[in-house]
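Chain by chain, the residues:
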Amino acid sequence: MIRQGKGKNPRRPPPKKASSEKEPVGVYCRVRPLGGEDEECCIEVISDSTIQLHAPEGFKTNRNGEYKETQYSFKKVFGVLVSQTELFESVAKPLIDDLIHGRNGLLFTYGVTGSGKTFTMTGSPGLGGLLPRSLDMLFNSIGPYQAKRFVFKSDDKNGIEVQNEVDALLERQRRENVCVPKLASSRPKLDPEIADMIKLAEACKADNVDEDSSYSVFVSYIEIYNNYIYDLLEENQEEAPRPKPPQSKILREDQNHNMYVAGCMEIEVKSAEEAFQVFWKGQKRRKVANTRLNRESSRSHSVFIIKLAQAPLDADGDTILQNQVAISQLCLVDLAGSERTGRTGAEGTRIREAGNINQSLLTLRTCIEILRENQLCGTNRMVPYRDSKVTHVFKNYFDGEGKVKMIVCVNPKADDYDETLLVMRFAEMTQEVEVARPMDRPICGFTPGRRQRNQAFKEELSRKLEERGGPVDRDIPSILNLAMHSLPPIPSTQVTDVHDDITLPRLIEALQNRHRIRQAMLEDYNKAASTMTSLLQQLDSNINSKENYIHEQNNKLLEKDKVVQNNKAEIERLEKKSKMLEHKIDILQKTTKIYEDDKRSLQHELETRAQRLQRELSEKRRMEQRMHGAVTDTQHKWEKECERRVNAMQQEMQNKLWVKDEKLKQLKAIVTEGKTPGRPEPPPRQTQPKPPPREERVPLPAKRSVSPSPTTSTPVRPLHRRSRSAGGEKWVDHKPSSSLDLGTVLQPIVPNAIKVSTPNEKVLSKCDRYVLTHQEVASDGEIQTQLIKGDVMKTRGGGQAVQFTDIETLKQQLTTIECRKRKSSEGDSGDQKAGASTNVETRCAVAMAMRAGSTMGPGVEHHCITKRRKP
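Residues numbered from 1 in each chain as written. Predicted model: local features only at pLDDT ≥ 70, side-chain atom pairs only at ≥ 80, totals over all residues. Heavy atoms only, no water.

A. Region of interest: unusual backbone geometry. One non-glycine residue, Phe150, adopts positive backbone phi at about 70°. Topologically, Phe150 is positioned in the loop between α3 (130-142) and β11 (152-154). Of note, Asn226 is a non-glycine position whose phi angle comes to about 55°, a positive value. According to the relative accessible area criterion, Asn226 is buried, its value standing at 11%. (Helix = DSSP H or I, 4+ residues; strand = E, 2+ residues; numbered from the N terminus. Buried < 20%, exposed > 50% of the residue type's maximum accessible area, 1.4 Å probe, protein only.)

What follows is the structure, given as structure tokens:
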């Protein structure tokens, strides 16, 4: 009994946190037999978990000249003598057990073309593969506990709805009305090709099946051909005059972030034969072709999905709980084999198919490699699941939504050695990937054994009803006969005496009682019959109204169907638009990643340059501090040196003055002694130094002096000039306070001079000549001293004027000691220098002076103005 009302399975919380427990991907190896006895074998089974590859003859050897032999380990190795039953017991049986207990699973076969993948998955007549055996075990385990058809219903969004019994019955009738053949719950007649793939003698069951739950199985079958997904169970009206080509499907993400194929048919099946019949129907539509290596080579990847919906019963064991529906699924994948077009002889379409197959397998290897790198190295690289439909559809399994197993099928013949070597390397890498172990579904909390108690109660109730009232479907006379038997018994009617007055009255009383009881029973029966008649009439009217209502609902359903068709067309348009937008999003994501990488590199470069600039600034500040300290020390040192030289010069000048005074005293004494006593000698006449000739005077340069200029006025025509013979010429020695003492030996000495730092009119009125000491930096960077000379003249207004006449230049130059040994190439220049030094005028114009305390030879040159010769 199902509760009234329609409900959906509850929304599960978004992606569960991955379990802390992880287990590696289970990788198994199966070796197929050789096609002929004369073929060379390159694979040897060492143990039940190890195989060894031998390089065939003529293959490239290693550096030592020996053939390289490599060994590979697997979880288990199945040799050529292993049967399909042993393979199923080791690989697929645990996955079916997990499926019944609510856990997901993924099993796929991998290998080169012609290695036995399809045989391992599907099998052959008399030798059923993993798929039919898995279906048989599933239905043998849950067969007695399956719900009626259409009680569980797919919602086309990777979820399951629970319908009540009435809705399920209407659904069945509607399917029958649209000419859908009724799928009987009994075992149907199978196709002769697959009739013996499922053997009842080899039936097996899972342990610990929850008997207090109701189950339902849905199957779907898809193929991935040229990186497009097609539904192999879709009705494409092949018998129509113009059959429609199959439409590709798209992948979507449900509310629990699980990937599913949108629009894929999910067929509810009730037996293993029915499920395998559905699989075989899709298998006939799968893309296969004939190549050199395989007569029926799979040109696409096929995925057979078994979805199990289960829900616990309530506390009474009679009603399905709609809010606790659990869904688990098992994907059985037969991957197309990798191949080389040169060996298969593919042309045209086959080349394109082979290219897409190899590209999808390469994407699978890339995803496995990145997963392995992230787990071993702790990186967080993005796994490119979206690059291929094969990896995208199984993304959730590698993220921890189920157990993953892989069967590597290999062909031991030597021609496949290269491809087999690549397959072995991929299998070895896959074993290092760990997948989070799925969590068990929660327990509902009801007392176990509810279903059995409910069945026992119903059987006991029906037994008691049969004992008391008999079966419900008996006719009215039988019911009346039962009622007659329930009347009081008739007493004995035997009369032994004529005068017996007790027997007859007792009989009459008993008959009267029976008649009263019978009349009462007839009245009750008539009342019940009239009530039943009215109820039947009411039910008839209700049925008529329901039929009218159903007719109206059918009309509305037709309208809804039209709306649904329009919505499907709109959905297809939106899906195409969604594909285009997804493509644009992928492009934008790649562009964004490139820009982010550029941004990070530029930021890193900017930070590096900022750090370098900061270091340079700190180095500059340290250098400035060091230079400032060095300059301060040098300045202090030179100040002390200058002070020492000044003191030494003053002491030397005082000594010279004292020597001169002594000589003058001696001369005076000599002169005094030689005088006649009667006539005094006239005072000695001081000789006036001749003014320099006009040829020596140099015109005043236009350059303005940096020293303060003397107080001058506009010179006028001299009316008179101070006599030079009166007492000798007196000079105004104008030396600014800013002048530096260069410490040279040759110093300008002006006799009979008044030294001033700032000239004024009073000083100028007492002197005849004027000399200004001016210092400036020459073009070679040295300091040169200019002595600007002039005559002091009176002006008409009674003032003083200076007329400049010539300039003497004193230049200090540092020279280096030339090496005595000269090269032959310097001979010409040496001769020129020697010739220049032999000129008398040049030698007289240059005076050499040495710095005090210097050992480097002459370091100061004194340049005089060369006289110009008359023509």
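B. How the structure looks around the packing of helix α1 (residues 84-100) against α3. Two numbers describe how α1 lies on α3: the axes approach to 9 Å, and their chain directions differ by 45°. By the angle between their directions, the pair α1 and α3 is classed as oblique. The hand of the α1/α3 crossing is right-handed. Residue-level contacts link Gln84, Thr85, Leu87, Phe88, Ala92, Lys93, Ile96, Asp97, Leu99 and Ile100 of α1 to Leu130, Arg133, Ser134, Met137, Leu138, Ser141 and Ile142 of α3. Along the lines of polarity and charge, the residues of the contact of α1 with α3 split into 10 nonpolar, four polar and three charged. (Axes fitted to C-alpha atoms, helices over the stretch in contact; angles between N-to-C directions. Parallel < 35°, antiparallel > 145°, perpendicular 65-115°, else oblique. Left-handed = near helix turned anticlockwise from the far one by under 90°. Contact = heavy atoms within 4.5 Å. Nonpolar A, V, L, I, M, F, W, Y, C, P; charged D, E, K, R; others polar.)

C. Representation of the nonpolar core in the model. If you look at the biggest cluster of nonpolar residues, it comprises 56 residues, and the most contacted ones within it are Ile51, Phe74 and Phe394. Residue contacts for Ile51: discarding those within four places in its chain leaves Cys29, Ile43, Glu44, Val45, Ile46, Thr70, Gln71, Tyr72, Phe74, Val77 and Met424. Core analysis: the second largest hydrophobic core is formed by 47 residues, Ala92, Leu135, Tyr221 and Ile407 among them. (Core = buried A, V, L, I, M, F, W, Y, C linked by side-chain atoms within 4.5 Å.)

D. Here's a closer look at the sheet that holds strand β27 (residues 783-794). Spatial strand order, β25-β24-β26-β27-β28: five strands in an open sheet with mixed pairing. Looking along the sheet, the strands with just one partner apiece sit at the ends: β25 (753-756) and β28 (800-811). The average undirected angle you get between the axes of adjacent strands in this sheet is 25°. Two strands pair when backbone bridges link them, and strand β26 (residues 769-777) and β27 are joined in this way by nine bridges, in the antiparallel orientation. Residue pairing across strands places Val777 opposite Ile783, the latter belonging to β27. (Pairing = 2+ DSSP bridges.)

E. Looking closely at the packing of aromatic side chains. Throughout the structure, instances matching the rule amount to nine aromatic pairs. A connected cluster of aromatic rings, assembled from ring pairs, spans Tyr221, Phe276, Phe279, Trp280 and Phe304. (Phe/Tyr/Trp six-rings, centres within 6.5 Å; stacked < 30°, edge-to-face > 60°.)

F. The arrangement of the pairing of β26 in detail. Across the nine residues of β26, eight count as buried, placing the element largely inside the fold. Here four bridges tie strand β24 (residues 731-734) to β26, and the two strands are oriented parallel to one another. Considered in β26, the bridge of Asp733 is made with Val771. Taking the residues between adjacent antiparallel strands as the criterion, β26 and β27 are bridged by five residues, where Gly781 takes a positive phi near 90°.

G. Just the sheet that holds strand β6 (residues 69-73), in detail. The three strands lie next to each other as β4-β5-β6, forming an open sheet whose pairing is antiparallel. Each edge of the open sheet is held by one strand with a lone partner, namely β4 (43-47) and β6. Shown here is a sheet whose adjacent strand axes are inclined to one another by a mean of 25°, direction ignored. As defined by bridge partners, strand β5 (residues 50-54) adjoins β6 across five bridges and the pair is classed as antiparallel. The partner of Thr50 across the bridge, within β6, is Ser73. Here helix α10 (residues 417-430) sits on the sheet in contact with β4, β5 and β6, set at roughly 145° to β5.

H. Seen up close, α1. A maximum bend of about 45° is found in α1 at Ala92, where proline Pro94 lies one to four positions downstream. Within α1 the residues assigned to the buried category are Gln84, Leu87, Phe88, Val91, Ala92, Leu95, Ile96, Asp98, Leu99 and Ile100. Directly after α1, the chain includes Gly102, whose backbone phi takes a positive value near 85°. (Bend = angle between axes of the 7 residues up to and from the residue.)

I. Inspection of the pattern of salt bridges at higher detail. For the coordinates displayed, the defined rule picks out 24 salt bridges. The partner of Lys249 in a salt bridge is Glu234, and the shortest N-O contact between them spans 3.4 Å. Highlighted residues: Lys249 in the loop between β14 (228-231) and β15 (250-253) and Glu234 in the loop between β14 and β15, separated in sequence by 15 residues. For Glu234, a relative accessible area of 24% translates into the label partly exposed. The partner of Lys789 in a salt bridge is Glu808, with the nearest N and O atoms 2.8 Å apart. Within this pair, whereas Lys789 is found in strand β27, its partner Glu808 is found in strand β28, the two being separated by 19 residues in sequence. (Salt bridge = Lys/Arg side-chain N within 4 Å of Asp/Glu carboxyl O.)

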